Amino acid sequence: MSRRSILVLCGASLVVIAAACHSWTVATPAASAFVGRHLAGAYGLAFTADGPTTLTLLPVPRLSFGGVRLLHDGRLLAESRALDVQLGLGGLLTGRAEAAALTLSDARLVWAAGDDRWTAPLARITARLGEGVRPLRRLVLDGARVTGPEEGAPDELAGLAVALTWPRPGAALELSGRGTWRGQPASVRLTAAHPLGLAAGGTSPFTAALSWPAGSLELDGTGSWSGHSTGSPAGSWKDGLRLAGEVRGTAALPATLAWLGTAAPLAPLLGRVAFEGRFEAEPGAVAMPALRLDVADARLEGAGAAVMSGGRLALSGTLAAERIDLSALIEVAAAGTRPAPALDAFTRGDLDLRLSAAAARVGSFQAEDVAAGLMIRAGAVEATLGRATVAGGTVKGRAALAAGAAGVDLRVQGTADRIDLGALLADLDLPRWAGGRAQGSLVLDTAGADLAEMGRRLAGRAALTVEGGEVLGLSLAEGAEPQLRRGGRLAFERAQATLGLAGGVGEITAGQVRTTTSAAALRGRVFLAERRLAATAEIEPRGGDPLRPAAETRLFEIAGPWTALRTRALSPQRPGPALPTAASAYAP
């Protein structure tokens, strides 16, 4: 071939290539009908375009439409300012349109909870996948938004940018996307290794990552169709996915739950949490048979589950920790003067929690070997302390709060055995004014709209016995007649008291103190709201010399604020050392 012929051939080729790369305007009705036949046959979709429409042959053949609408059974699924359809070469050679890739620009997708307009198209896609047919190699949404079907409905999801790629049937499907949901930006990445196997009723490994301003989540596992509603082994997309694998994440819990439009029990107390472990999930339920949870300064390990039913979240778990600090519970409870609204805020969800800890702290109160439980239902909280070692002894108890006619009903009961009273006061950062081994029981009931009213309506019974103890700041003078004096220490063999509570006032119904030389009977009242004591102590000697005259029983008043109790002799004194008219006893 001559040089001239070669140059002419090359020039013609360049002209053809340039023409193929150029976009040519074509008739919109003919082009939309060409593509519409494929969309109708493959997915049951109706396709319309207002134009203009252009055709480009290189580098890949594609049709670009303007003013696009996709419908099914006359109901709008999506509308877009522009739609770019990349055509498969195999289809073109046989005169058919096969969409290999779709790009929708400035699209509006119509979707709402309970709306079934997408049901049939998605079923068609699932069926084709189950037959081993890959619908698209690539799907791109650029500047999309999701709204409800009503005219002028607000955006459910805005600024949506999605890229889905599936280069060949045996390859992994990859999806990345970002958008704004409920005013917060979020992003997602997903890789599914065997989407065709999943569609055919098998499983597919997957990895996924989600992020939003208040947290992030990463999952690595396998997925399959749940198949519960159809009863078939394979299930379908309508049943949702069953997922299992490993999960790790972190979230500012109150902000995340508010963003999701749901609530969880105790969420306002927990702040930011981090978690990881094994999970098993299906629509409406997540189980974590192996869970590690970091909240506040505590790390808990165990198992947990979450179930969403009727819009209410129910959590359950069995967790253990080396050390745990529950001070936030007390701080929040003490901060509010109206417990009824606070109770509602912390019971917006159900909770069944079993908790054990080698060491636990609530405020300045410390305990070891703790086994506890917390049950929350709508308007009710029940906390149980199955066992705890406190100051060398054992404590058990139960507290129940429930919304009632008066605001909040509270019932508390508990027992304590072999408590080192001095060590307990030291643990509570209180003055160590008493010591000995203590045991006791407590039952309290009250109700009210705020803490002050609950204090005024407090009723119940308390009993306390202390063996081998002492009271600092008070002494009993030796001699023929007992004399209470300020300072020193009062050692006793046994002290016990029973307190009956009614209307926020405690009546000391049986109070006794026995020392080696005397015995005292204590009676009086404790005013809880005023933090004040008004009591009398009747002291008489024990034993003594039978040949000497019997010593006189003496009567003393013990009264005043708890932090500044004062004693005063009420019976006449015999000649001898006089008790000061205002002798202070050091007591809390």
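Residues numbered from 1 in each chain as written. Predicted model: local features only at pLDDT ≥ 70, side-chain atom pairs only at ≥ 80, totals over all residues. Heavy atoms only, no water.

To continue, consider the overall build of the protein. The helix and strand inventory of the protein stands at 11 helices and 31 strands. Per-residue burial for the protein yields a buried fraction of 36% across its 588 residues. Accessible surface for the protein amounts to roughly 31000 Å². Of this, 59% is attributable to carbon and sulfur atoms. (Helix = DSSP H or I, 4+ residues; strand = E, 2+ residues; numbered from the N terminus. Buried < 20%, exposed > 50% of the residue type's maximum accessible area, 1.4 Å probe, protein only. Areas by Shrake-Rupley, 256 points an atom, 1.4 Å probe, with all protein chains shown as cover.)

Looking now at unusual backbone geometry. Excluding glycine, most residues fall at negative phi; most peptide bonds, likewise, are trans. Here the phi dihedral of Asp106 falls at roughly 50 degrees; this positive angle occurs in a residue that is not glycine. For Ala391, which is not a glycine, the phi torsion comes out positive at approximately 50 degrees. Within the secondary structure, Ala391 sits in the loop between strand S20 (380-390) and strand S21 (393-404). Judged by its relative accessible area of 15%, Ala391 is buried.

In this structure, strand S17 (residues 312-325) lies alongside strand S18 (residues 350-362), joined through 11 bridges in parallel fashion. Counted as the bridge partner of Arg323 is Ala359 from S18. Across 11 bridges, S18 lies against strand S19 (residues 365-377) in antiparallel orientation. For Leu355, the partnering residue across the bridge sits in S19 and is Ala372. Between S18 and S19, which pair antiparallel one after the other, the connecting turn spans two residues, and Gly363 there sits at a positive phi close to 65 degrees. (Pairing = 2+ DSSP bridges.)

On to the pairing of strand S26 (residues 505-514). Here S26 pairs with strand S27 (residues 518-527) via eight bridges, running antiparallel. Residue pairing across strands places Arg514 opposite Ala519, the latter belonging to S27. Linking two consecutive strands that pair antiparallel, namely S26 and S27, is a turn of three residues.

Within this structure, the stated rule accounts for three aromatic pairs. These aromatic residues form a ring-pair network of at least three members: Trp181, Trp212 and Trp259. Across the ring face of Phe527, the terminal group of Arg532 is positioned such that the distance to the ring centre comes to 4.1 Å. (Phe/Tyr/Trp six-rings, centres within 6.5 Å; stacked < 30°, edge-to-face > 60°. Lys NZ or Arg CZ within 6 Å of the ring centre and 35° of its normal.)

For the rest of this paragraph, the subject is the nonpolar core. Of all hydrophobic cores here, the largest spans 46 residues; its most connected members are Leu300, Ile324 and Val390. For this core, the element with the highest residue contribution is S18, accounting for five residues. Discounting residues that sit within four places of it in the chain, Leu300 has contacts with Leu291, Arg292, Leu293, Val295, Leu319, Ala320, Ala321, Ile324 and Leu355. (Core = buried A, V, L, I, M, F, W, Y, C linked by side-chain atoms within 4.5 Å. Contact = heavy atoms within 4.5 Å.)

Helix length check: helix H2 (residues 28-43) (16 residues) gives 21 Å between terminal C-alpha atoms against 22 Å at 1.5 Å per residue, within 8%. Burial in H2 covers these residues: Thr28, Ala31, Ser32, Val35, Gly36, His38, Leu39, Ala42 and Tyr43. (Expected span 1.5 Å × (residues − 1).)

With that settled, consider the confidence of the model for the protein. Of the residues in the protein, 82% reach a pLDDT of 70 or more, and the chain-wide mean stands at 82. Within the protein, the lowest mean pLDDT, 41, falls on strand S31 (residues 583-584), and the highest, 96, falls on strand S11 (residues 204-212). Below a pLDDT of 50 lies the segment residues 228-235, which in the model reaches 13 contacts outside its immediate sequence neighbourhood of four places, other chains included. (pLDDT = per-residue confidence, 0-100.)

By the secondary structure assignment, Leu104 is in strand S6 (residues 99-110). Expressed as a C-alpha distance, the spacing of Leu104 and Val140, which sit 36 residues apart in the sequence, is 6.3 Å. Beyond its immediate chain neighbours, meaning those up to four positions away, Leu104 contacts Ser80, Ala82, Leu83, Leu139, Val140, Leu141 and Asp142.

Turning to the environment of Arg554, a few remarks are in order. Topologically, Arg554 is positioned in strand S29 (residues 554-561). Between the C-alpha atom of Arg554 and that of Ala569, which follows or precedes it by 15 residues, the distance is 7.7 Å.

Okay, the pattern of salt bridges next. Counting across every chain of the model gives 21 salt bridges. The shortest N-O distance in the salt bridge between Arg568 and Glu557 comes to 3.3 Å. One end of the pair, Arg568, is in strand S30 (residues 566-569); the other, Glu557, is in strand S29, and 11 residues separate them in sequence. Judged by relative accessible area, which is 40%, Arg568 ranks as partly exposed. (Salt bridge = Lys/Arg side-chain N within 4 Å of Asp/Glu carboxyl O.)

Contact geometry of H2 with helix H4 (residues 119-130) gives a least axis separation of 8 Å together with a crossing angle of 80 degrees. One element, H2, and the other, H4, form an angle in the roughly perpendicular class. Within the contact between the two elements, H2 uses Ala40, Gly41, Ala42 and Tyr43 and H4 uses Pro121, Arg124, Ile125 and Arg128. Among the residues forming the contact of H2 with H4, the class breakdown is five nonpolar, one polar and two charged. (Axes fitted to C-alpha atoms, helices over the stretch in contact; angles between N-to-C directions. Parallel < 35°, antiparallel > 145°, perpendicular 65-115°, else oblique. Nonpolar A, V, L, I, M, F, W, Y, C, P; charged D, E, K, R; others polar.)

This next bit is on helix H6 (residues 253-260). All of the buried residues in H6 are Leu253, Thr256, Leu257 and Trp259. One side of H6 carries all its buried residues, which in axial view fall inside an arc of 160 degrees. Once H6 finishes, Gly261 follows within two positions and takes phi at roughly 75 degrees, a positive value. (Arc of directions from axis to C-beta.)

On to the environment of Ala535, then. Mapping Ala535 onto the fold places it in strand S28 (residues 532-541). When the C-alpha positions of Ala535 and Gly524 are compared, they lie 3.8 Å apart, and in sequence the two are 11 residues distant.

So, about the side chain of Thr53. Mapped onto the elements, Thr53 comes out in strand S3 (residues 53-56). Assessed through its relative accessible area of 0%, Thr53 is described here as buried. Those residues in contact with Thr53, other than ones at most four positions away along the chain, are Trp24, Thr25, Val26, Thr28, Ala31, Leu63, Ser64 and Phe65.

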